[in-house]
Amino acid sequence: MHFYRAHVLVCAGTNCSLRGSRAVRERLAGELARRGLDGEIKVVETGCFGLCEQGPTVVVYPEGVLYCRVTPDDVPELVEEHLLKGRRLERLLYRETAAKAVQTVPQMDFFQGQVRVVLRRCGVIDPDSVEEYIAHGGYQALGKALTQMKPAEVVEEIKASGLRGRGGAGFPTGLKWEFASKAKGDVKYIVCNADEGEPGTFKDRLILEGDPHAILEGMAIAGYAVGARKGYVYIRGEYGLSIQRLERAILQARELGLLGEDIFGSGFGFDVEVRVGAGAYVCGEETALFESLEGGRGEPRLKPPYPTEVGLFGKPTVINNVETLANVPPIIQNGPKWFRQFGTERCPGTKVFTLTGDIVNEGLIEVPMGITLREVIFGIGGGIPGGRGFKMAQTGGTSGGCLPVQLLDVPMDYDELAKVGAALGSGALLVMDDTHCIVDIARVFARFFEHESCGKCVPCREGTMRIHEIVCRIATGEATPKDLDNLEALARTMALACLCPLGQAAPVPVMTTLKYFRDEYEAHIYEKRCPTGTCRTLAGRPALTAAGKGV
Amino acid sequence: MAVATEPKPEARPLVKVTINGTVVEVPAGSTILEAAEKAGVRIPTLCHHPDQAVKGVCRVCVVEVEKSRTLQPACAYPVSDGMVVGTNTPAVREARKVIVELMLSRHPADCLGCARNKRCELQSLAEELGIREVRFPRREKEYPKDTSTPALVRDPSKCVVCRRCVFTCNEVQGVGALFPAYRGHKALVVPAYDSPLAEIVCALCGQCVHACPTGAITERDDTDQVWAALADPSKHVVVQTAPAIRATLGEELGLEPGTLVTGKMVAALRRLGFDRVFDTDFTADLTIMEEGSELIHRLTKGGTLPLLTSCSPGWIKFIEHFYPDLLPNVSTCKSPQQMFGALAKTYYAQKFGLDPASILVVSIMPCTAKKFEAARPEMNSSGYRDVDVVLTSRELGRMIREAGIDFERLEEEPFDEPLGISTGAAAIFGATGGVMEAALRTAYELVTKKELKDIDFTTVRGMAGIKEATVDLDGTKLNVAVAHGLGNARQLLERVKRREKDYHFIEIMACPGGCIGGGGQPIKTTNTVRVRRIEAIYREDARMAIRKSHENPAIIQLYKEFLGEPLGHKSHELLHTHYTPRKRV
Amino acid sequence: MLIPMGGERMTDKAKPVLDLGRIDEIVSRHKGREGALLPVLREVQDFVGYLPREALERVALGLGLSLSKVYGVATFYTLFYTEPKGRHVIRVCESAPCHVQGAREVVEALQKELGVSFGETTPDGRFTLELVSCLGVCGVAPAIMVDDRVYGNLTPETVVAVLQEYR
């Protein structure tokens, strides 16, 4: 066994990769080799660390010093100073907005507020190494389940933990597994929904890139619990690296007998296959996903029957989000009581949030459920850049509601947010400062749904197009009060009559902005004025200026 | 048929459901729509069709269900004990109106000029819901009409994407010419690549016309040609009526499905001005003579078996596309329509001293594919186009209405002779199993040289998708099969290919129920209506004096003075044809 | 022997002959698998560059599906193309997170530089510009994809520089 005196972890999540972390890693490897240090210092490519705004990030252990915005040209100095002379390279250290130079990862405020359960290995292990996964406690939970627990006991543990689906709907996972385990039939399936399409959400991408084996382990445990021998991971086609990492992980797991026949000699066999999406947000809806996996158009099915009765290929199916499955091994390993120490009574555990928009610490965090919006944005999130004013935050992605400043203290969990007409959803958080126009952003929300509606049911197919049409008219100063009436009628109809949650949710973002920022809408309609000066005509000329004049 | 079967309702326990305050008891698992019917409450629908699987896509039938967060589609949502439903609440009424207005705002505004004016389900919905104004700006779909075939006209701008035609074309007919394409508000039911129908595997059976609630797909209207000919003194206009028309034409004129209107049909055609009113049933008897002889020839001389019937042009196009290797099995006999046309311009013209160039043959058919059949290049053995114009029963109905004829008050009149004389065997051509039964009635006597006492071959009658029987011709055992609907035809052909059984003779009709359910028949054509029309067909057979084709005196005369004998030289020249293999995809 | 087209995308001008044998091979490898159509379409598109009619007809025949269904599935998904594309496909995200971070200006710069609008291909056949929904890299918004590669933290200047890599 080889001992290294230091580990240099380079974040290779997609976001850092885009800023050139690969070049940094290669330069590091080269520099260490040149100096003959490669036998005692190991360079590891890890999954996302969470500080996407500050990438490429490099962490040096055993001290845990975090360096940000590292370029290949910084590498020789970094090696010289830190790895040879043991001195911190000040200019690259992570700095918080308080201008306090923080030196080690455990000391960082950014990580203090976090409880990294799902993300515990992201940024720590090499995701391509099954050995590191196992060394970090991987596959222990599966071993425990298969050799010490009965399937019904596994279901009970998940039920007792109170884990709720992390894809957006928040359905109690244990209940879902129980329904499936009780469903009649020999053939059942576990499906991992990795068709992460909700704008502002990239947690599943980074979990799959950073810790793919966790998903496989979660699926295998689910399979054991409900009586399924086959699992599918449906990943969106744009997630090339996730697909690669997962396929590699599957091969590794099979090689070690952690997938396949007779795992751990228990008699239970389980295997996983990757299936790739082809660019359709609606395929994130569970029954549309089944249709796509079955080789068809991704059009949602009528419910009832529900997937746990009639799912993939007509068989009882448990379909869970990536993050939900990533929670399963720690729950089985540590027990429901451990899990319930985090979060709230009705929403225990943690939640991975993706912070986007006008926020200092753009990226990925994992915090206990129930933390307030204010704490997330202004605490861990670092506040609004440039000292600008907070205008609104949208939770749950484009299908979630928009919250104004008066709702900043709402706790972030499924139930509390639903009470104020918003949604926790996937955990995406989009922050907007006061330089943006509400009507303009509503137009972007509406355009998204028009593009992504599958077209199966009349109210969504036509309604999404009409909502976009109306909001565009408002944005270009061509709307009348009747347009608002029509918007409201459409919103009521779609929320009640659409076939699937995409259509039912489509009016929500627009209508919440209308609710909380009606004066801005009315300025556009009655005064033909865009208060922030953002909106233009379709011809691209500035038509609505802050002063209300224009062409 | 091809519809999934549910466990019998009687086997399920009863549950109490309250609809608008009225309590009804229905079997568990019934839909809200079924419960509402029992309660005497009408819920509007659009994508729902009694002969198809539930779709739940139009959302017109949404209703309030207590404790449900959203409205639920009545056509799909199963009832449970104690469920409370409101079908006419303010929320429901608003949703329904908004949904229908959304459809109307994408729909062309030419109801008055549309073939489905007054028979359009979208129109009916708008009227029923009291819609006076469409609140959304009109945004029609810009799609050119497809007039590439002689049979059907597709107008995609009128498609409401209800998917009823998709079910019919794929699940019932097994053809697959139509499927939803594109996404979102661009989604539309189209052939692949928006191809014209003439360039794809469409069988032109027209079953999609019966599925479509609007005018997105209709038959090509050829009545103008006929009006012009009728007004032209230099033209001798002859009309032939298919076996199925006499059992359905009445529906176009306000009569109940299943009303037999043979005599009135003839009278109306005379009023319209046709010079001669003949009967396709005449050549149906002729077809039995030729095809019966062909069957015996193949049986005794080791010809290709099973023999497949050939009078259904939608079926012929289907087999040309999908099973061209089985074309040698198909009878070389033309259909009765085409045999008639060939004879009208030769035998009839000669017999009555008419110039065939002045004869216009019009046929009244239950079928849209017959328009295609009449236009097939090879259908000109008379030296002229054998059949000039084909009108569907719908078009004839329009002509009768336009002429102001009070159909119900007409006195019954007989067909003209000699091409109007027929038997009960010919009449049953209109129903599935009819050709088979007619052929068996003749084959029995030809083969055994004995009289057939029990002429009702009931084993080949009825709506079962595939019917099989073994017929004993005094020692000679004949394995026969009957399929109706192209989906069932496909299944049967697969059995033939797998050589599961030694079939000798197979009857195939493209349309469910046979010709009485044809693509050109009155709208609505549902399975319930098909059954009533079939009953009328067998009533017609039962009341005829002569019920076996070979006993038709006019046919005997035809052979004696013109054709010679079945499968003779003259027959081959005028009454037999060949087929064209087509692209499979 | 038909000329294989390889993995590069071709434009309408140079419409080469299709290697039907290769398509048959792809179909036979997936045939019998449930839900084979999507993986088959993906592989065929990777090989041919897009999904021409002849290819879809071959797939339909091979899998025993109607052409209308194969077309209906292919036209549902944004990543499948039934028309030839430029050599490189640029997918621009203009979902809310990218929009808030300035995607509109990046889009305008791209459109100006390329001289085409969404859904169009440059006259030299090099680039096709598509507007897509969230790419899932919101941490580095605004972002685009060029073929399989993602580019983030773009500005109107840097996005033009990205294009240079492909000229």
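Residues numbered from 1 in each chain as written. Chains lettered and ligands numbered in written order. Predicted model: local features only at pLDDT ≥ 70, side-chain atom pairs only at ≥ 80, totals over all residues. Heavy atoms only, no water.

1. Remarks on the confidence of the model for chain B
Point 1. Here chain B shows a mean pLDDT of 96. Residues at 70 or above account for 98%.
Point 2. Ignoring residues within four places in sequence, the model shows residues 1-5 of chain B, a span with pLDDT below 50, making eight contacts including any to other chains. (pLDDT = per-residue confidence, 0-100. Contact = heavy atoms within 4.5 Å.)

2. Observations regarding the sheet that holds strand β1 (residues 88-93) of chain C
Residues and elements named next belong to chain C.
Point 1. Strand order in this open sheet of four strands is β2-β1-β3-β4, and the pairing throughout is mixed. The open sheet has two edge strands with one neighbour each: β2 (127-132) and β4 (149-151). Sheet twist, expressed as the mean angle between neighbouring strand axes with direction ignored, is 25°.
Point 2. Bridging between β1 and strand β3 (residues 144-146) involves three bridges; their strand directions are antiparallel. When the sheet's bridge partners are listed, Ile90 is paired in β3 with Val146. (Pairing = 2+ DSSP bridges. Helix = DSSP H or I, 4+ residues; strand = E, 2+ residues; numbered from the N terminus. Axes fitted to C-alpha atoms, helices over the stretch in contact; angles between N-to-C directions.)

3. Considerations on the packing of helix α11 (residues 336-351) of chain B against helix α18 (residues 553-563) of chain B
For any two helices packed against each other, one specifies the inter-axial angle together with the distance between the axes.
Residues and elements named next belong to chain B.
Point 1. Relative orientation of the contacting elements α11 and α18 amounts to 80°, with a least axis distance of 12 Å. With respect to α18, the axis of α11 lies roughly perpendicular. On α18, the residues touching Leu343, Thr346, Tyr347, Gln350 and Lys351 of α11 are Gln557, Leu558, Glu561 and Phe562.
Point 2. Within the contact of α11 with α18, the residues separate by chemical class into four nonpolar, three polar and two charged. (Parallel < 35°, antiparallel > 145°, perpendicular 65-115°, else oblique. Nonpolar A, V, L, I, M, F, W, Y, C, P; charged D, E, K, R; others polar.)

4. A few points about the interface of chain C and chain A
Point 1. Listed per partner, the contact involves 41 residues of chain C and 57 residues of chain A.
Point 2. The junction of chain C with chain A conceals about 3700 Å² of combined surface from both sides, 54% of it contributed by carbon and sulfur atoms.
Point 3. Our count for the chain C to chain A interface comes out at three salt bridges.
Point 4. Where chain C packs against chain A, one counts 20 residue pairs in polar contact (both at pLDDT 80 or more). (Buried area = accessible area lost by both parts, 1.4 Å probe. Salt bridge = Lys/Arg side-chain N within 4 Å of Asp/Glu carboxyl O. Polar contact = N/O pair within 3.5 Å; in protein donor to acceptor, adjacent residues only side chain to side chain.)

5. Looking at the domain arrangement of chain B
All names here are of chain B.
Point 1. Once the domains are mapped, chain B shows domain 1 (9-88), domain 2 (100-219) and domain 3 (224-575).
Point 2. With centres defined by C-alpha atoms, the gap from domain 1 to domain 2 works out at 27 Å.
Point 3. Both sides of the domain 1 and domain 2 interface together cover about 1000 Å² of buried area, and 68% of this is carbon and sulfur.
Point 4. At the junction of domain 1 and domain 2, the tally comes to one salt bridge.
Point 5. In this assembly, domain 1 and domain 2 are joined by five residue pairs in polar contact (both at pLDDT 80 or more).
Point 6. Partitioned by chemical class, the residues of the side of domain 1 that touches domain 2 number six nonpolar, four polar and three charged. (Domains from an automatic or database assignment.)

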